[in-house]
Amino acid sequence: GRLAYTGQRYLQFAGSQSRFFKAGADAPETLLAFKDFDGTIAHNPKKGPLKSYAAHIKDWKPTSPTWKDGKGKGLIGAIDYLADKGVNAFSFLTYNAGGDGDNVWPFISREAKFHYDCSKLDQWNILFTHAQSRGLHLNFKMQETENDDLQRGHGTKGGFSHVPAALDGGVLGPERALYYRELVARFGHHLALSWNVGEENTQSYENQRACAEYIGWLDAYDSNIILHTYPHQQELKYRPHLGKPTLSGVSLQNDWSRVHARTYQWVKESTAAGHPWVVCNDEQGNASTGCPPDTGYKGFTRVKDKNRSWDMHDIRKSVLWGNLMAGGAGVEYYFGYKLPENDLLCEDWRSRDKSWDYAAIAIRFFENSGLPFAEMTNRSDLVNNTSRKGKTYCLANDSTALVYLPDGGTQAFAFPAAKTISWFNPRSGETLEAKPWNSENLIAPDNQDWLAILK
């Protein structure tokens, strides 16, 4: 059935009444800069060239669509690859003129903001329709940060410069209203999608509210309306929306090590304000770094950034499980600018093949375990993680508790309600046989990450 916001922190399917937990790709942000789409050109080809997704042509299936005598196999094959891996989401910019990629717009040309390219948009919809048929949620990032404001501090002597790509200078005028109407009218019928008002959005609260309200007014289906902004602007940009019905969720950008704390903060504060948000983490790290490739992919080992290093296992522990165990609704992985298959240039999702496996294992657990997640809240304070900056997490209600141990071992944990304990392996998806429990210590099977399930 249709996926909708129902006033809770998880989206819910109208047919099955099940909750939705997402995991998928946030990169490349220039996904729609595909050479097989009509009227698609690279305005800055050295920085943002068009893509062919040649690595995924082999993933295209004979039952999958094409257009114009066989075009589209690379990108359609990439969607088939993600679906076959078991993840269920991906995101894309629908407008990035003037941005980092500068190669995606729905118009017949970059500056023709009132003239839409119908054949290109029909081809976009072939992609979206196929993705929906394969169970992939669509995250429409409706603008890049360069598209949201007429005045930005870009170095003119007076301190501000004109940005022609900003629709109506950041306000809700005729350019922006038509843009929203075209997207909602052409694509709003799809069953599982989110409207993201802006990537790294810097609009004023008044403009954000006007845009979100207009999108909500256009959309007859109560689809998720979310906002993304810079890490250092979350307090400024998110807080004014607390308790108001304008947004149904937020898309967080944070350093990978802060995902649990920030997810917990906005789940807690939005719930306390009376309008719970669907809180996802959709971008990790600074602009240069994010979710790294698999260990061993073309010789890659670890990200090294200043005094820290990390790999795909750290992302699994701190981002994927960090969000879900804070009461978040899931993640999308951002690939950074300096890593192989990066955010602008990625054409091969196999670069994160194992990370997709780990993500699929996590969301299948949350979907299929039968645990009452909507009634459970984050209780990481019970495992000495009151600040939520540590990597040991707890999600619990009065009768059930989950405890995530990033490095296995022994953890003090008093939970008198529990009578049994079982262990879930986040790396394989295996659940060990439940055993009686009458203790104040959790002892993991080994020193790798494990999830204790206490009932």
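Below, the structure is looked at part by part. Just so you know, these numbers come straight off a predicted model, no measurement behind them.

The rules behind the values
- What you see as residue numbers is a count from 1 along each chain, following the sequence as written.
- Thresholds applied to this predicted model are a pLDDT of at least 70 for local features of residues and 80 or more for the giving and counting of side-chain atom pairs; totals over whole chains, interfaces and linings are not thresholded and use all residues.
- Derived side-chain values reflect all non-hydrogen atoms in the structure, with water molecules and hydrogen atoms excluded from consideration.
- Any carboxyl oxygen of Asp or Glu within 4 Å of a side-chain nitrogen of Lys or Arg constitutes a salt bridge here.
- Secondary structure elements are defined from DSSP: runs of H or I of at least 4 residues count as helices, runs of E of at least 2 residues count as strands, and each element is numbered from the N terminus.
- Exposure categories follow from relative accessible area, calculated using a 1.4 Å probe and restricted to protein chains: below 20% of the type maximum is buried, above 50% is exposed, and the middle band is partly exposed.
- In plain words, nonpolar cores are sets of buried Ala, Val, Leu, Ile, Met, Phe, Trp, Tyr and Cys residues tied together by side-chain atoms within 4.5 Å.
- Contacts are residue-level and defined by heavy atoms, with any inter-residue pair within 4.5 Å sufficient.
- The rule is simple: put a 1 Å grid over the protein atoms alone, call a set of points where a 1.4 Å probe fits but cannot get out a cavity, call an open set with protein on both sides within 12 Å along at least five of seven lines a pocket, and count a residue as lining if it has an atom within 4 Å of a point.
- Grid points are joined across faces, edges and corners, and a volume is the space filled by probe spheres set on the points.
- We call Asp, Glu, Lys and Arg charged. Ala, Val, Leu, Ile, Met, Phe, Trp, Tyr, Cys and Pro are nonpolar, and the rest, Gly among them, are polar.
- The rule is short: rings of Phe, Tyr and Trp, with Trp giving its six-membered ring, pair when the centres are within 6.5 Å, and they are stacked under 30 degrees, edge-to-face over 60, tilted in between.
- In this scheme, Lys NZ or Arg CZ marks a charge over a ring once it lies within 6 Å of the ring centre and within 35 degrees of the ring normal.

Before going further, it helps to spend a moment on the pattern of salt bridges. This structure, assessed with the given rule, holds 29 salt bridges. Note that D84 and K61 form a salt bridge whose closest N and O atoms lie 3.0 Å from each other. You can see D84 sitting in helix α1 (residues 73-85) and its partner K61 sitting in the loop between β3 (22-25) and α1, a full 23 residues away along the chain. Classification of D84 by relative accessible area gives partly exposed; the value is 45%. On the accessibility criterion, K61 (28% relative accessible area) is partly exposed.

Glancing now at unusual backbone geometry. Following A27, the chain continues into P28 via a peptide bond in cis, with omega recorded as 0°. For Y53, which is not glycine, the phi torsion reads 55° and is therefore positive. Here Y53 falls in the buried class, since its relative accessible area comes to 1%. Not every positive phi belongs to a glycine, and R388 is a case in point at roughly 65°. One can find R388 in the loop between β15 (377-378) and β16 (393-396).

So, about the nonpolar core. The biggest cluster of nonpolar side chains holds 107 residues, and the ones touching the most others in it are F90, W195, W321, W349, F365 and F373. The element contributing the most residues to this core is helix α8 (residues 353-368), with seven residues. Beyond its immediate stretch of four places on either side in the chain, F373 contacts R9, Y10, F21, F365, F366, L395 and L402. Judged by nonpolar contacts, the second largest core, of 17 residues, contains A401, F413, I421 and L442.

Let's shift gears to empty space enclosed by the protein. Taken as a whole and judged by the stated rule, the model has one cavity of 30 Å³ or more. Considering only enclosed or pocket space, the largest cavity measures out at about 100 Å³ in volume. Along the walls of the largest cavity sit 14 residues, with K22, S194, N224, V278 and C280 positioned nearest its centre. Every element with two or more residues in the lining of the largest cavity is listed here: β9 (224-228), β10 (249-254) and β11 (278-284). At three residues, the largest contribution of residues to the lining of the largest cavity is made by β11. When grouped by side-chain class, the residues that make up the lining of the largest cavity number eight nonpolar, four polar and two charged.

This brings us to the packing of aromatic side chains. Per the stated rule, a full pass over the model turns up 37 aromatic pairs. A centroid spacing of 5.1 Å and a plane angle of 65° characterise the contact between F128 and F140, whose relative ring orientation is edge-to-face. Residue F128 is found in helix α2 (residues 118-133), and its partner F140 is found in strand β5 (residues 137-141); the two are separated by 12 residues along the sequence. Assigned by exposure class, F128 and F140 land together as buried. Between Y238 and W277, the aromatic rings sit 6.3 Å apart at their centres with planes inclined by 70°, giving edge-to-face as the arrangement. Of this pair, Y238 sits in helix α5 (residues 234-238) while W277 sits in the loop between α6 (259-272) and β11; the two residues are 39 residues apart in sequence, bridging distant segments of the chain. Residues Y238 and W277 agree in their burial class; the two are buried. The residue whose ring lies beneath R2 is Y221, and the NZ or CZ to ring-centre distance is 3.9 Å.

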